[in-house]
Amino acid sequence: LDRCKTALAPCGFGSFSVCTAEEHDKLIAFTSQMPHIVSNAYIKSPTAQTHNGFSAGSYKDMTRVAWLNEQMWAELFMENSDYLTEEIDGIINALAAYRDAMAAGDFYRLRELLREGCLAKERVDGKLVLTNGEEEQIVTVTATLTDTAPDGSVTVHECTFQVSVKLDTDNIYG
């Protein structure tokens, strides 16, 4: 492993991850291949042809990887089809839950689904942690204090720190 790291050092990789081939394929299905499939499917909407003037960052983020080398990606997808079809099934089920909530006019269920997604993103990004069996949110706080001396000179002190706050899931929207 050290010889591999030494050999690859000139490439400038920031870090190396060591895992089994199976772990790699499962993670790549989610982190790389799924975004390409979702983006490619999303851009096929008939609305994509008439969106001009109504798109911004979200649209650009969602469609950036739709432009791809179809031969190469088809080969990659087929080589990893077991893990990739699991991921596709998962997103289809998740999208169906959003659709069902909207079709039923269930605002509260839709809001709950959106909140679950938001919390999942915060967990993945390390902004939520589990402490003693309860979820806590990591919050960055910056405090600015000013001291005024008797001569009128002002000194500004800035302190940034992270605190852990218990997440009140019963009162998320209040």
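Parameters and conventions
Residues numbered from 1 in each chain as written. Predicted model: local features only at pLDDT ≥ 70, side-chain atom pairs only at ≥ 80, totals over all residues. Heavy atoms only, no water. Helix = DSSP H or I, 4+ residues; strand = E, 2+ residues; numbered from the N terminus. Buried < 20%, exposed > 50% of the residue type's maximum accessible area, 1.4 Å probe, protein only. Contact = heavy atoms within 4.5 Å. Areas by Shrake-Rupley, 256 points an atom, 1.4 Å probe, with all protein chains shown as cover. Salt bridge = Lys/Arg side-chain N within 4 Å of Asp/Glu carboxyl O. Patch = residues over 30% accessible without salt bridge, like charges linked within 9 Å, V, L, I, M, F, W, Y side chains within 5 Å. Core = buried A, V, L, I, M, F, W, Y, C linked by side-chain atoms within 4.5 Å. Axes fitted to C-alpha atoms, helices over the stretch in contact; angles between N-to-C directions. Parallel < 35°, antiparallel > 145°, perpendicular 65-115°, else oblique. Left-handed = near helix turned anticlockwise from the far one by under 90°. Nonpolar A, V, L, I, M, F, W, Y, C, P; charged D, E, K, R; others polar.

Structural notes on the overall build of the protein chain
Here's step 1: A count of helical and extended segments in the protein chain gives six helices and three strands.
Here's step 2: Sequence-ordered secondary structure for the protein chain, helices as α and strands as β, is α-α-α-α-α-α-β-β-β.
Here's step 3: Counting the 174 residues in the protein chain, one finds 15% classified as buried.
Here's step 4: Sequence separation of at least 24 residues holds for 48% of the intrachain contacts in the protein chain that already meet a minimum separation of 6.
Here's step 5: When the accessible area of the protein chain is evaluated, it comes to approximately 13500 Å², of which 56% is carbon and sulfur surface.

Let's talk about the side chain of His36
Here's step 1: Structurally, His36 can be placed in helix 2 (residues 21-42).
Here's step 2: Taking the relative accessible area as the measure of exposure, His36 reaches 12% and is therefore buried.
Here's step 3: Beyond its immediate stretch of four places on either side in the chain, His36 contacts Val65, Leu68, Trp73 and Phe77.

Some points on the pattern of salt bridges
Here's step 1: Counted under the stated rule, the structure contains five salt bridges.
Here's step 2: For Glu112, the salt bridge goes to Arg109, with nearest N and O atoms at 3.2 Å. Placement of both Glu112 and Arg109 in helix 6 (residues 107-124) is noted, with a separation of three residues, approximately one turn of the helix.
Here's step 3: Residue Glu112 is classed as partly exposed on the basis of its relative accessible area of 40%.
Here's step 4: One connected set of salt bridges, linked through shared partners, spans Arg109, Glu112 and Glu116.

A short note on a nonpolar patch on the surface
Here's step 1: A contiguous nonpolar patch, built from Leu8, Phe13 and Phe16 and spanning about 270 Å² of accessible area, is present on the exposed surface.
Here's step 2: Structurally, the position occupied by Leu8 is in helix 1 (residues 2-8).
Here's step 3: Judged by relative accessible area, Leu8 falls into the partly exposed class, the value being 34%.

Examining the nonpolar core
In globular proteins that are soluble, nonpolar side chains generally tend to be buried together.
Here's step 1: Within the largest apolar cluster, six residues are counted, these being Ala29, Met34, Trp73, Phe77, Tyr83 and Leu84.
Here's step 2: Breaking this core down by element, the ones donating at least two residues are helix 2, helix 4 (70-79) and helix 5 (81-103).

Re the packing of helix 5 against helix 6
Here's step 1: Contact pair helix 5 / helix 6: the axes reach a minimum separation of 8 Å and the direction vectors enclose 155°. In terms of their interaxial angle, helix 5 and helix 6 are classed as roughly antiparallel. Helix 5 and helix 6 meet at a crossing whose hand is left-handed. Along its contact with helix 5, which presents Ala97, Tyr98, Ala101 and Met102, the element helix 6 presents Arg109, Leu110, Leu113 and Leu114.
Here's step 2: A breakdown of the residues in the contact of helix 5 with helix 6 according to their chemical character gives seven nonpolar, no polar and one charged.

What to know about the environment of Leu1
Here's step 1: Here Leu1 is to be found in the segment before helix 1.
Here's step 2: For Leu1, a relative accessible area of 60% gives the class exposed.
Here's step 3: Residues Leu1 and Val18, spaced 17 residues apart in sequence, show a C-alpha to C-alpha distance of 8.9 Å.

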